[in-house]
Amino acid sequence: MQISVGDTLPSATFVRMGAQGPEEIALKDITTGKKVIIFGLPGAYTGTCSTKHVPSYIENMDMLKEKGVAEVICVSVNDPFVMDAWGKDTGATEAGIHMLADPQSTFTKEIGMSFSAPPAGLIDRSQRYAMVVHDNVVTTFNLEGGPGECSVSAAPALFDEL
């Protein structure tokens, strides 16, 4: 079932790179008591994800913070090594975006955002979306209509919802 406005985020654990290597982080540890944005995308280093989606958040971090967003979280079905490198290469990490790996697509499947495109080598990946979450409750959920699209899930599309 697809997550929607009014739903509470599922209990989820992601993997990220820490000082000693890969480490688990509970989503609730980043979201509880805060206004956050979570955006999901098909994969690190892929076209639209690298040229439009992540840059839309990097370029608008100041505006998001001014609107009360405490955390911005990027979720992808990748491993933490790739997410760490991609965060550094794009400037997302420096901008303060949490680059979280959902390596087994557990969270992605639980919120109903999984898709596969075998010809492109994408299996159990995430559809492109963005959500605004207040204290673990979804207040805005924007899902893109198709591959390569990045309009309703880009940072500027959320300004009025904040």
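Since we're looking at a predicted model, the values are computed, not measured.

Chemist: How should I be thinking about the packing of aromatic side chains in this particular structure?
Modeler: What characterises a pair of aromatic rings is the spacing of the ring centres plus the angle enclosed by the ring planes. This structure, assessed with the given rule, holds four aromatic pairs. Their ring planes at 65° and their centres at 5.1 Å tell us that Phe-14 and Phe-107 sit as a pair that is edge-to-face. Of this pair, Phe-14 sits in strand E1 (residues 13–18) while Phe-107 sits in helix H6 (residues 106–110); the two residues are 93 residues apart in sequence, bridging distant segments of the chain. Residue Phe-14 shares its accessibility class with Phe-107, and that shared class is buried. Ring geometry for Phe-39 against Tyr-57: centres 4.0 Å apart, planes inclined by 5°, an arrangement best described as stacked. One end of the pair, Phe-39, is in strand E3 (residues 35–41); the other, Tyr-57, is in helix H2 (residues 47–58), with 18 residues separating them in the sequence. On the accessibility criterion, Tyr-57 (0% relative accessible area) is buried.

Chemist: Help me out: how do you make sense of the layout of surface pockets in this one?
Modeler: Regions of empty space are outlined by a rolling probe, equal in size to a water molecule, passed over the atoms. Space inside the largest pocket adds up to approximately 250 Å³. As for the largest pocket, its lining consists of 14 residues, and the residues nearest its centre are Pro-42, Phe-115, Gly-146, Pro-147 and Gly-148. Taken together, the residues that form the lining of the largest pocket break down as six nonpolar, six polar and two charged. Looking at the second largest pocket, its volume works out to about 150 Å³.

Chemist: How should I be thinking about the nonpolar core in this particular structure?
Modeler: A general trend in soluble globular proteins is that nonpolar side chains are found buried together. Ranked by internal contacts, the top residues of the largest apolar core, which has 23 residues, are Phe-39, Tyr-57, Leu-64, Val-72, Cys-74, Trp-86 and Ile-97. Of all the elements in the fold, those that place two or more residues in this core are E3, H2, helix H3 (61–66), strand E4 (71–76), helix H4 (80–90), strand E5 (97–101) and strand E8 (129–134). Residues contacting Tyr-57, with those up to four places away along its chain left out, are Ile-37, Phe-39, Leu-64, Val-72, Ile-97, Ala-130, Ser-153, Ala-154, Ala-155 and Leu-158. Ranked by size, the runner-up nonpolar core spans 20 residues in total, among them Ile-3, Leu-27, Phe-107 and Val-133.

Chemist: I'm lost on the side chain of Thr-31 in this one. Help?
Modeler: Residue placement: Thr-31 occurs in helix H1 (residues 27–31). Accessibility expressed as a relative area gives 0% for Thr-31, which makes it buried.

Chemist: Honestly, H2 in this entry has me stumped. Any pointers?
Modeler: Since the α-helix packs 3.6 residues into each turn, any two residues three or four apart lie on the same face. For H2, spanning 12 residues, the distance from its first C-alpha to its last is 16 Å, which sits close to the expected 16 Å at 1.5 Å a residue. All of the buried residues in H2 are Thr-48, Cys-49, His-53, Val-54, Pro-55, Ser-56 and Tyr-57.

Chemist: What is the right way to look at the pattern of salt bridges in this model?
Modeler: One side chain can pair with another of opposite charge once the charged atoms of both are near each other. Per the stated rule, a full pass over the model turns up four salt bridges. With a shortest N-O distance of 3.1 Å, Lys-88 and Asp-84 are connected by a salt bridge. Taken together, the residues Lys-88 and Asp-84, both in helix H4 and four residues apart, mark about one turn of the helix. Exposure remark for Lys-88: the relative accessible area of 55% places this residue in the exposed category.

Chemist: Help me out: how do you make sense of the environment of Ile-111 in this one?
Modeler: Along the chain, the position of Ile-111 falls in the loop between H6 and strand E6 (114–117). Judged by relative accessible area, which is 1%, Ile-111 ranks as buried. Note: C-alpha distance between Ile-111 and Asp-7 (104 residues apart in sequence) is 9.9 Å. Ignoring sequence-local partners within four residues, the contact set of Ile-111 consists of Met-1, Gln-2, Ile-3, Pro-10, Tyr-129 and Met-131.

Basis of the calculations
Residues numbered from 1 in each chain as written. Predicted model: local features only at pLDDT ≥ 70, side-chain atom pairs only at ≥ 80, totals over all residues. Heavy atoms only, no water. Phe/Tyr/Trp six-rings, centres within 6.5 Å; stacked < 30°, edge-to-face > 60°. Helix = DSSP H or I, 4+ residues; strand = E, 2+ residues; numbered from the N terminus. Buried < 20%, exposed > 50% of the residue type's maximum accessible area, 1.4 Å probe, protein only. 1 Å grid on protein atoms, 1.4 Å probe; cavity = no way out; pocket = protein on both sides within 12 Å on 5 of 7 lines; lining within 4 Å. Points joined across faces, edges and corners; volume = space filled by probe spheres on them. Nonpolar A, V, L, I, M, F, W, Y, C, P; charged D, E, K, R; others polar. Core = buried A, V, L, I, M, F, W, Y, C linked by side-chain atoms within 4.5 Å. Contact = heavy atoms within 4.5 Å. Expected span 1.5 Å × (residues − 1). Salt bridge = Lys/Arg side-chain N within 4 Å of Asp/Glu carboxyl O.

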